[in-house]
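Listed below, chain by chain, are the residues.
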Amino acid sequence: MLMIRKAAIGDVEAIKSIINAHAKKGLMLPRATYEVYETIRDFYVAQENRKVIGCCAIHIYGREYKDNTITEHVLGELRSLAVLPANQGNDVGTELVEYAISDVKSIGITKVFTLTYVKDFFKKMKFWEIKRHELPQKIWSDCKGCIKFPDECDETAMVREI
Ligand SMILES: CC(C)(COP(=O)(O)OP(=O)(O)OC[C@H]1O[C@@H](n2cnc3c(N)ncnc32)[C@H](O)[C@@H]1OP(=O)(O)O)[C@@H](O)C(=O)NCCC(=O)NCCS
């Protein structure tokens with residue numbers, strides 16, 4: 001039976017291995033073990049028969065600034081979404097995203113953005129496309145290690161109000 005829950009320390013290795021298997025294929029950014037520990041409270045996992053089969057994280061950024069003005073929104077970034085290849089296509093990704101969004105909504109986050117290669121998946125999750133420059137500067141610190149940053153970045157920026 002599928003269970004979605006907040007991640008715990010015991011999930012670090014499973015999370016790292018799911019993310020890095022996809023990172024090797026260029027589908028997402030790799031994560032070092034220490035980074036997963038540092039951000040473990042951002043993570044959610046999908047578990048089936050005691051095995052972790054997927055994960056995602058929402059990192060909280062703070063108030064949204066647009067044109068030097070603070071808007072009414074508080075932003076989170078959805079990232080590190082991945083499901084083991086054998087378990088894809090069974091709504092695990094959908095369940096993870098909806099669970100994570102409803103959890104951060106309950107503490108006051110009002111808008112979630114993502115940078116992604118799977119635009120069609122996120123469209124189904126009620127995200128819409130925006131221009132990358134509309135995202136907060138702070139997010140680019142994560143991109144420094146990416147060989148495509150900045151000029152060849154081909155990810156799509158998307159947001160959803162929640
Ligand atoms: C993207 C991913 C997390 C989706 O998880 P999943 O459990 O397979 O997705 P779901 O079964 O919940 O799919 C929901 C819908 O999105 C669609 N979808 C799933 N993966 C998709 C993809 N890669 N591209 C486009 N649409 C996709 C499904 O067809 C489904 O549509 P339907 O409801 O019309 O049938 C998974 O394919 C994955 O791990 N991909 C590799 C890592 C990756 O690209 N992560 C995203 C980084 S931003």
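First, a word on scope: everything that follows refers to the structure included in this document. (Residues numbered from 1 in each chain as written. Predicted model: local features only at pLDDT ≥ 70, side-chain atom pairs only at ≥ 80, totals over all residues. Heavy atoms only, no water.)

1. Side note on the site of the ligand
Defined as follows: Any residue with a heavy atom lying within 4 Å of a molecule or strand is counted as near it. The term polar contact refers here to a pair of N or O atoms within 3.5 Å; inside protein, the definition further demands a hydrogen-donor-capable atom paired with an acceptor-capable atom, and it admits residues adjacent in sequence only when both atoms are side-chain atoms. Surface accessibility follows the Shrake-Rupley procedure with a 1.4 Å probe radius. Residue values consider only the protein chains on display as shielding. Numbering of helices and strands runs from the N terminus, with a helix taken as a DSSP run of H or I at least four residues long and a strand as a DSSP run of E at least two residues long. Three classes are used: nonpolar for Ala, Val, Leu, Ile, Met, Phe, Trp, Tyr, Cys and Pro, charged for Asp, Glu, Lys and Arg, and polar for all others, with Gly counted as polar.
Around the ligand, 18 residues are found, and the nearest of them are Leu81, Val83, Asp91, Gly93 and Thr94. Taking Asp91, its main chain carries an N or O atom lying 2.8 Å from an oxygen atom of the ligand. Within the side chain of Thr94, one N or O atom sits 2.5 Å away from an oxygen atom of the ligand. In isolation the ligand exposes 880 Å². Once the protein is present, 72% of that is buried. Elements represented by at least two residues in the shell around the ligand include exactly β4 (69-83), α3 (92-106), β5 (111-116) and α4 (119-124). Tallied by class, the residues present in the shell around the ligand amount to 8 nonpolar, 7 polar and 3 charged.

2. A short note on the side chain of Asp42
The cut-off we apply is this: Whether a residue is buried, partly exposed or exposed follows from its accessible area with a 1.4 Å probe, protein chains only, as a fraction of its type maximum: under 20%, in between, or over 50%, in that order. The convention is simple: Lys and Arg are positive, Asp and Glu are negative, and His and the chain ends are not counted. Any carboxyl oxygen of Asp or Glu that lies within 4 Å of a side-chain nitrogen of Lys or Arg is treated as forming a salt bridge with it. Between two residues, a contact is recorded if the distance between any of their heavy atoms is within 4.5 Å.
When you line up the elements, Asp42 lands in the loop between α2 (33-38) and β2 (43-48). Buried charge Asp42 goes without a salt bridge, the closest partner of opposite sign being Arg79 at 4.1 Å. Aside from chain neighbours lying at most four places away, what touches Asp42 is Cys56, Ala57, Ile58, His59 and Arg79.

3. A look at the pairing of β2
Operational definition: At least two DSSP bridges between two strands are needed for those strands to be called paired.
Summarising burial for β2: 5 of the 6 residues are buried, a large majority. Relative to β2, strand β1 (residues 2-6) runs antiparallel, the two sharing 5 bridges. Pairing of Leu2 across the sheet is with Glu48, part of β2. The pairing of β2 with strand β3 (residues 51-66) spans 6 bridges and is classified as antiparallel. Across the sheet, Ala46 pairs through a bridge with Gly54, a residue of β3.

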